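Chain residues, written in single-letter form:
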Amino acid sequence: MTKNYTKPIVTIDSGMAEGVYAASGCYTASAYIHQTPENGRGDYRIQVNGKHNADHTKEAQVLTISFNQNVTYVSGGAGLISGNETTTLKVKLAYHQNPTDNIGFGDLVVTSDAGLAITRVSITD
C-alpha cells in the first residue's frame, strides 16, 4: 500500500490568541496558550485539539509542538518522549481514536521565559 505525503499547512488566526493550526496525514491539529504565567504561577497551559480523519482506529499518537523559545515540559498527555529544554517537544498521547474522533485537552503545561508563542503543531499516529 502506498502512503501519500501531505505537506503540512500552517495558518495563524489573529483573532485567536497565539493559535497555530496544521494538517498533515490523518490528523488536523491546533493549539493555543490559554493561560500565561500570572499571580505567582510560572507556567503556560496549552489547549491542544485534534481531528482524526481516517479509515482506521489507533490507540496512541504523538504530539509534536514547537515554540519560539526553549520550554521545559511539566505535564500533559501520556508523558514526554523528547525535547525537554528545547524549542520542540514530542509528547506521547494515548487516545483511542476511531476514524473521525476528536482529541481535546487543555492540560499541556510548560515553563519558559516571557513571550512564549507556539510556532507549529502536529499529531501523528
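What you are looking at is a predicted structure, and each value in this text was computed from that prediction instead of being measured.

**Q** Which residues make up unusual backbone geometry, and what are the values?
**A** Its identity as a non-glycine residue notwithstanding, E85 has a phi of 65 degrees, on the positive side. Along the chain, E85 falls in the loop between β6 (80-82) and β7 (86-93).

**Q** Would you mind going over the pattern of salt bridges in detail, with residue names and values included?
**A** As enumerated under the stated definition, the model contains 1 salt bridge in all. A salt bridge links D43 to R45; its shortest N-O distance comes to 3.3 Å.

**Q** Just give me the short version of the side chain of Q47, but keep the residues and values in it.
**A** If you trace the backbone, Q47 turns up in strand β4 (residues 44-52). Reaching out from Q47, the side chain makes a polar contact with the side chain of N49 at a distance of 2.9 Å. Filtering out sequence-adjacent residues up to four positions away, Q47 remains in contact with S30, A31, Y32, H34, G104, F105 and G106.

**Q** With reference to specific residues and values, describe the pairing of β4.
**A** Strand residues, when the strand is regular, have side chains that alternate between the two faces of the sheet. Alignment of strand β3 (residues 27-35) against β4, held across 8 bridges, turns out to be antiparallel. Paired with Q35 across the strands is R45, a residue of β4. Bridge count between β4 and strand β8 (residues 102-111): 7 bridges; the pairing is antiparallel. Residue pairing across strands places R45 opposite V109, the latter belonging to β8.

Rules behind the numbers
- Residues numbered from 1 in each chain as written.
- Predicted model: local features only at pLDDT ≥ 70, side-chain atom pairs only at ≥ 80, totals over all residues.
- Heavy atoms only, no water.
- Helix = DSSP H or I, 4+ residues; strand = E, 2+ residues; numbered from the N terminus.
- Salt bridge = Lys/Arg side-chain N within 4 Å of Asp/Glu carboxyl O.
- Polar contact = N/O pair within 3.5 Å; in protein donor to acceptor, adjacent residues only side chain to side chain.
- Contact = heavy atoms within 4.5 Å.
- Pairing = 2+ DSSP bridges.

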